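# What the coordinates show
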Amino acid sequence: MQNTSTALQDASDEVLIQKFSDGVKEAFDALYFRHLPSVYKRVRYVVPESDVEDVTQEIFIAALKSLPSFRGEAKFGTWLRTLTNHKVAEFYRRRTRKQEPILAPLSDAAAQVTGSTSQSLEERIYLQRALQDLPENYREILLLRFAEDMQFNEIAELTNQNLEATKSLFRRAVSALRTHLEK
């Protein structure tokens, strides 16, 4: 069994998806553990701390249910990133329908003591609000760079842009974020 587990961990996403569709349920576990850190980090940038684990869980449940229909027209990571964006948008639509505030008021930051100081929590709330106010292409490049730790050449390849255009978009996004944070 150890060799099967190691073989699954070393397999590409495409091989794991094929094994999953062939009935090897452990293949999804390998995909889950491989992609959990990046999905969690991305969600943590855009969703209030108290909801990060729930939204992340919803993303992987949706991935599990949707994986049989994955056609492989895009890389699995790209497909999962799109699914993540949809689930985050769905999260905010649900909250808006319930007439809940999109993010906790800053006064709640002082009451939170979950391993981080109230100042860092307050800073995260400011950052989340500023990110939400940015155009989608700015928000996406910032998340790819900071939440997923992608290099500029990887972002350029993923977005089908040349390297200089990617760097230029990133500089404009950082500038726009800085402007929002200074308000």
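Here goes a summary of the coordinates provided. (Residues numbered from 1 in each chain as written. Predicted model: local features only at pLDDT ≥ 70, side-chain atom pairs only at ≥ 80, totals over all residues. Heavy atoms only, no water.)

Turning our attention to the side chain of Asp13. Inspection of the secondary structure puts Asp13 in helix H2 (residues 13-21). In this structure the side chain of Asp13 is engaged in a polar contact, spanning 2.6 Å, whose partner is the side chain of Arg34. Ignoring any residue separated from it by four or fewer positions in sequence, one finds Asp13 in contact with Leu31, Arg34, His35, Phe76 and Gly77. (Helix = DSSP H or I, 4+ residues; strand = E, 2+ residues; numbered from the N terminus. Polar contact = N/O pair within 3.5 Å; in protein donor to acceptor, adjacent residues only side chain to side chain. Contact = heavy atoms within 4.5 Å.)

Two numbers describe how helix H8 (residues 136-147) lies on helix H9 (residues 152-159): the axes approach to 10 Å, and their chain directions differ by 135 degrees. When the axes of H8 and H9 are compared, the pair comes out oblique. H8 and H9 meet at a crossing whose hand is right-handed. Along its contact with H8, which presents Ile141, Leu144 and Arg145, the element H9 presents Phe152, Ile155, Leu158 and Thr159. In the contact of H8 with H9, the residues fall into five nonpolar, one polar and one charged. (Axes fitted to C-alpha atoms, helices over the stretch in contact; angles between N-to-C directions. Parallel < 35°, antiparallel > 145°, perpendicular 65-115°, else oblique. Left-handed = near helix turned anticlockwise from the far one by under 90°. Nonpolar A, V, L, I, M, F, W, Y, C, P; charged D, E, K, R; others polar.)

Let us now look at the packing of aromatic side chains. In total, this model carries nine aromatic pairs according to the counting rule given. Where Phe20 meets Phe28, the ring centres are 5.9 Å apart and the plane angle is 50 degrees; that geometry is what we call tilted. Each member of the pair Phe20 and Phe28 is classed as buried. For the ring pair Phe152 and Phe170, a centre distance of 5.0 Å and an interplane angle of 70 degrees mean the geometry is edge-to-face. Of the two residues, Phe152 sits in helix H9 while Phe170 sits in helix H10 (residues 163-182), which places them 18 residues apart along the sequence. Note on Phe170: relative accessible area 12%, which makes it buried. Taken together, the ring pairs in this structure connect Tyr32, Phe33 and Phe60 into an aromatic cluster. Across the ring face of Phe20, the terminal group of Lys25 is positioned such that the distance to the ring centre comes to 4.9 Å. Arg145 extends its terminal NZ or CZ atom over the ring of Phe152, reaching a point 4.6 Å from the ring centre. (Phe/Tyr/Trp six-rings, centres within 6.5 Å; stacked < 30°, edge-to-face > 60°. Buried < 20%, exposed > 50% of the residue type's maximum accessible area, 1.4 Å probe, protein only. Lys NZ or Arg CZ within 6 Å of the ring centre and 35° of its normal.)

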